[in-house]
Every structure is written in C-alpha cells, then in structure tokens.
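Chains, contacts and geometry: an overview
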Amino acid sequence: MKKNIQTFAWLFSAGSLFVACNNDDNSTIIEENTFGAAELYFDNGVNGDKLVLGSSYSNSNSETLTINRFNYIISNIVLIKSDGTEYIYPKAKSYFIISEEADLHTVQLENIPAGDYVKVRFGLGVDQQKYLEGETAQQEFWDYAVQHNLTWTWSTGYRFINFEGTFKPAHAAKHEDHEEPETGTPGLFNFQIHQGSNTSTDNYREITLNLPTTARIRQTDKPSIHIVADANKITDGRNKILLQDNLNAAGTNASIMGGENLIKIAENTLQMFFVDHVHNGSGSHH
Amino acid sequence: MMIFGLFSCTSDDVYESIPADSLFSLKIPSNFPQIAQNIDTNFPTQNGVALGRKLFYDGRLSRDNSVSCAFCHEQQSAFTHHGHDLSHGIDNLTGKRNAPSVQNIIFQSEYFYDGASNSIQMLSIVPIHNPLEMDESLPTIVEKLKQDAQYVQLFRAAFSNGEVSSSNVLNALAQFMTIMISADSKYDKYIRNEAGGNFDQQELKGLDLFKNNCASCHATDLFTDNSFRNNGLPPNSKLNDLGREEVTGFRTDRYKFKVPSLRNIELTAPYMHDGRFGSLQSVLNFYSNGVQHTENLDPLLQNNSHTGIPLTQEEKEALIAFLKTLTDYDFVKNPLFYHKT
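Residues numbered from 1 in each chain as written. Chains lettered and ligands numbered in written order. Predicted model: local features only at pLDDT ≥ 70, side-chain atom pairs only at ≥ 80, totals over all residues. Heavy atoms only, no water.

**Focus on the overall build of chain B**
Tallying secondary structure elements over chain B gives 13 helices and 4 strands in all. Counting across all 341 residues of chain B, residues that qualify as buried make up 55%. For chain B, the exposed surface amounts to about 15200 Å²; the carbon and sulfur share of it is 52%. (Helix = DSSP H or I, 4+ residues; strand = E, 2+ residues; numbered from the N terminus. Buried < 20%, exposed > 50% of the residue type's maximum accessible area, 1.4 Å probe, protein only. Areas by Shrake-Rupley, 256 points an atom, 1.4 Å probe, with all protein chains shown as cover.)

**Here we look at the UniProt feature "binding site: heme c 2" (unreviewed entry) in chain B**
Residues and elements named next belong to chain B. Here, the residues flagged by UniProt with the feature "binding site: heme c 2" (unreviewed entry) are C214, C217 and H218. Locating C217 in the fold gives a position in the loop between α9 (201–213) and β1 (228–229). Ignoring sequence-local partners within four residues, the contact set of C217 consists of T224, D225, R229, V259 and L300. Within the fold, H218 resides in the loop between α9 and β1. Owing to a relative accessible area of 13%, H218 belongs among the buried residues under this scheme. In this structure, H218 is in contact with F210, F223, T224, V259, P260 and L262, ignoring residues within four places of it in sequence. (UniProt positions renumbered as here; feature names shortened; annotations may be inferred. Contact = heavy atoms within 4.5 Å.)

**Let's talk about the side chain of D328 of chain B**
Residue and element names in this part refer to chain B. Structurally, the position occupied by D328 is in the loop between α12 (313–323) and α13 (329–333). R263 is the oppositely charged side chain nearest to the buried, salt-bridge-free D328, at an N-O distance of 5.8 Å. At 3.1 Å, the side chain of D328 forms a polar contact with the backbone nitrogen of D330. (Lys, Arg positive; Asp, Glu negative; His and termini not counted. Salt bridge = Lys/Arg side-chain N within 4 Å of Asp/Glu carboxyl O. Polar contact = N/O pair within 3.5 Å; in protein donor to acceptor, adjacent residues only side chain to side chain.)

**Notes on the layout of surface pockets**
In this structure, the second largest pocket spans a volume of roughly 470 Å³. Lining the second largest pocket are 15 residues, with S255, M257 and G258 of chain A together with E245 and G249 of chain B sitting closest to its centre. Looking at which element gives the most residues to the lining of the second largest pocket, the answer is helix α10 (residues 245–248) of chain B, with 4 residues. A breakdown of the residues in the lining of the second largest pocket according to their chemical character gives 5 nonpolar, 7 polar and 3 charged. (1 Å grid on protein atoms, 1.4 Å probe; cavity = no way out; pocket = protein on both sides within 12 Å on 5 of 7 lines; lining within 4 Å. Points joined across faces, edges and corners; volume = space filled by probe spheres on them. Nonpolar A, V, L, I, M, F, W, Y, C, P; charged D, E, K, R; others polar.)

**Observations regarding the UniProt feature "binding site: heme c 1" (unreviewed entry) in chain B**
Residue and element names in this part refer to chain B. UniProt feature "binding site: heme c 1" (unreviewed entry): in the numbering of this structure it lies at C69, C72 and H73. With respect to the element layout, C72 can be found in helix α3 (residues 69–72). Those residues in contact with C72 that sit more than four places away from it in its chain are F79, T80, H81, S87, H88 and A99. The buried category is assigned to H73, whose relative accessible area is 16%.

**Observations regarding the packing of helix α2 (residues 46–56) of chain B against helix α6 (residues 149–158) of chain B**
Residues and elements named next belong to chain B. Between α2 and α6, the least distance of the axes is 8 Å, while the angle of their chain directions is 145°. With respect to the hand of their crossing, α2 and α6 are arranged in left-handed fashion. In contact with N47, G48, L51, K54 and L55 of α2, α6 contributes Q150, Y151, L154, F155, A157 and A158. (Axes fitted to C-alpha atoms, helices over the stretch in contact; angles between N-to-C directions. Left-handed = near helix turned anticlockwise from the far one by under 90°.)

Right under this line is the structure:
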C-alpha cells in the first residue's frame, strides 16, 4: 500500500500539489502553546527518474551508473515561519538515516509548536561539533550508523553519504590494457563514493528549501513534506566528477573518499534536494 | 572460590551496591600548553578511570579476545610496543606503522601518524576496527561485556545512564587516557626549578642545540606542534605508506606524518612512523646525513645548500644526553596505570 502511494505521488506529484492547495478546509487559527508533529519524506531519484537499486542511469558525464546503495544522514532540522522565526528541532534527537536498501525514507518530528511553516533547513551529514563530541552526544547513533554502512573507522567519523554501484566509463576502450575489473566484466567497474568530513576538511553542509505550500502544524494536523533527493547531482551537478578519473592505479575500481572531490561533492549536494509538495491535514499520506 | 565467583555473578547484590563515584583530581602541569580537547563533557571520575583501565587491558576489545590496547601500548615502554618496528595485531598480522606512545593525550589536537582522529572520545575507534590490529566493532564489544556481571556493575558505577554501550566504552577509555599525563622528567624539574632538575654541561649543551635545531617542530614542553610534516625519510616501497594523504586525500599531504612528542623517547625505540631506526644515534645520523628531497619535504629541512640538520658527533651526543632527560620514571611506574590497581 505504501509503495503504491509512493508511486502515485511520484507520477502525479503535480496533481497532488494541486490537491494539497485545495485541501485548505481546516481552520487557519493557531492555538497558542499547542504542539504538533510533522514528517519529512525523502524520495530518492536520479535526474527526474525514480531511483531503483540495480537500475542503470546515464549522466551528462557520458558515464552509466548502476546504483546498488544510496544511504545518507539527515540532521539538525529547522522549521522556519514566514516571518523568519525558526524552530530548531532538539539537537540530541535530530540525527536520521535515509536508506534506499533498508527502505528508510521518513523523518518523524514531534512536539513542534503549532504554526505555519514555509521553509525547512537540514544538514547533510554530521556537523563538526557532534563529530568531535563523538558518541557522547550521539548516544547510540554510532551503532545505528554502523548498521547502515555510514561510519568510517580508518578515520573516525561518519559517512554522510554512501553511494555505491558499478559504472561504465565514457571511453571503455581506454581501460582494455588494465587488469580485469573487480566486477569480472570487462569495461564495468565498481565505484564507492563515501562523502564525509575528515580532520582536514569539514564537508558538512546545511540546505534550506522553500516549501511550495505552507506546512500547517497543528495538534491534529501533521503535514508531510515530500522531498526529492537527486542522487545524480553527486557526480553530475555544478561540479562534474568523472568516476573514470578516479579509477585506482590498477584500474579495477573507483573510490572517492577524500581530497578535493569531497569538497566538490559537498557543493553539488547543495542542489541535490527540492521539496516536491506538501500534504497538509491529518492522516497518513505521501 | 570458583564456585563462589560464579554465584556472585548471578546474585542480586551486583545490581544493588553501586560504589560512590567522585571526580578524579587531575593535575595540569604548569609548563604544559593548553588542553587541546574538550574534557568537561566526559571529565574523569574514579569509577570511570577504573573502568577505562580495565578495558585498556582487556583482550575482549578484539575479535578473538586476544589483543588488548596494552598489547601494543606497554607501560614500561611509555605505552609503546617495545622492540617492534611495526605493531603486531590479531592473527599475528603485522600492521604498517610503529605504535605511538599513549601519553599527554589531552594536550594533543591530532592523533595517529596520519591524523585519523582529532577527538579523544573517538580515537579508540581506529585501532578497534583496524583489521590488522583488533578487527572488532563497538556493538559486538558491548554484547560481550554485557555477558559479564562485573562489567555491568562497573558501567553502572561509572556513568549516570549506567549503560554498557558503545558510547560508554569510548568514554571510559577516554577518561583513562585523560589521566595519562607524563610531566615529571628531569627536564620538567629543570624547567620548573624543582629538586632533581640539575642539568650537567652536556645536557645544557644538548638543550641549546635542541632549541636551535629541533624545537620549531618539536615545540612547547609537549615537544610537538601537532602538525604533519615530511621529514625526508626515504619511503619504504614495501609499505607504500602515503601518510596523511591517506586520511585527507590531498596530494600535498603525501609522506607527511604527525610530529611525535619526544617525551620518554629513551624508552620508545624503535623510532619513526615505521620504526626503522633502532637508536637515537641512528635518528640523528638520519637528520644530519639521510634526509632525502622527496615530495612535500618540509621547508624547515631545506636550508639552501643543505637538506637536513648538520650535526657533529659531539653535538649528537649532547642532543641524546638532553633527550634522555625527557624520561619520566614516575610515569612508567605509576600504579594508577597498572592492570590490577
């Protein structure tokens, strides 16, 4: 059922936006000192298509990527009203994992002051303060992140994004003289992109998104903010990163886990998200 | 006795009597630089330190329960792995670096030769997970420790939430490392004008040479500036260790390694990140004659016509005499750091 609703939302997002706009029958009165809940729904896509693990996507770098893993950390959520006042969700509770393979797509928020919110801000990854505090403040977020392949242990910290799969480079012929790739298929290579901070560069970024429709949080009204995450932007955004250029010396696989690429990816991810639509009212919906 | 021990594990009293805890009295040496870590959120307590010490000596932190922290960090060698150029780990595998000394941790801002961590809270993650060292994971360690009633009680006694958890394993280890301060060498007594701090002529000459030739990198009374530098060691092609580049991914960090503290250096042979030098004489021979112009060689070791630090044999001997004043016999004998204190 949930899947059907998701698919519906994906295909008919414009339509549901229209519905959402008309679904305005609730009272506009905001009762003082009341609280409600909200949900952020992260729908993973690839340049306008739905992200399906195992499927192949061609990008403007002339590379074809088959995505096998797309997990990331969403943190430090802030909801913003039209007058600019911000509700900062309690930091200790503000770390979440989105995982395509584990079917984790929602961030559930509770005890938010009732109001009309027009923007949402969130972090992609773990901020430097938490990063340094390590597990003291994270509580068992570390263990949770371990389960979803979002930790680094050779350097201490979190992977903000774990994006893995296989790819066919633009000029496969160029690599014929190399050893056989790990995939066992000539011209097809594994790739691992692990975005994160290290003790040299802080690659945590915060992203602010406008909501196309006001999210009305009331005691009885729980809006669902439907956010699309475009995985294509990681390598094919403002900065173009060719996986082929990151093949290891033996030419068997491409790993991006450090250096300038992480800074470029951090910039690309600023354009990775947009809010597709907002559902207002009570009840479950995507 | 065995049977009694078994019974006590299952009896209720382990859940009732929680020993009172109190803050550890931490003495900060007057000649040291500022503390470089936030220790206020995990300030050492008597019970926290006792738990951290027990964990430090416990092989259960490794996959097959054989390798403890102390395996490579032995107190009598100022918490290094004496006699091993490269550290041995689980399954008798050999690591690719020499075990660094565990001392004065809270005064340092970066850890490991490549800066894999900059947090006292997090640093234990690195050796615990390294497949050549302990090859274990925190959640599995927690599962093992939860089976041990004594640990359950120690965690209850040490932390307000009382939990055996990944966080508290790291917290306890951090508390133990917080108190591992070495600041009572002959040099410290000399600097602080304390009894036992008289330098002879050779040691004074060595100190003077040190200030003029070594102290820009081995700075402050910690004897490190916490930076990463290429000191011109010819790379060992068998190890192909890129140094800090392995953490940052920047080519400009290739062959850079953390400037180590020189405290207790007399006890921490062999030397350098790969333990290639067996004596201080060899180290100084390298600095005077062996520095190679490899990628990213530190500018301080390139002085116009000469790479390295020109030193006569007499000067080397004076430097070694000075370096031996950095030995802190109280630190390596302090019962606070013993296994069974």
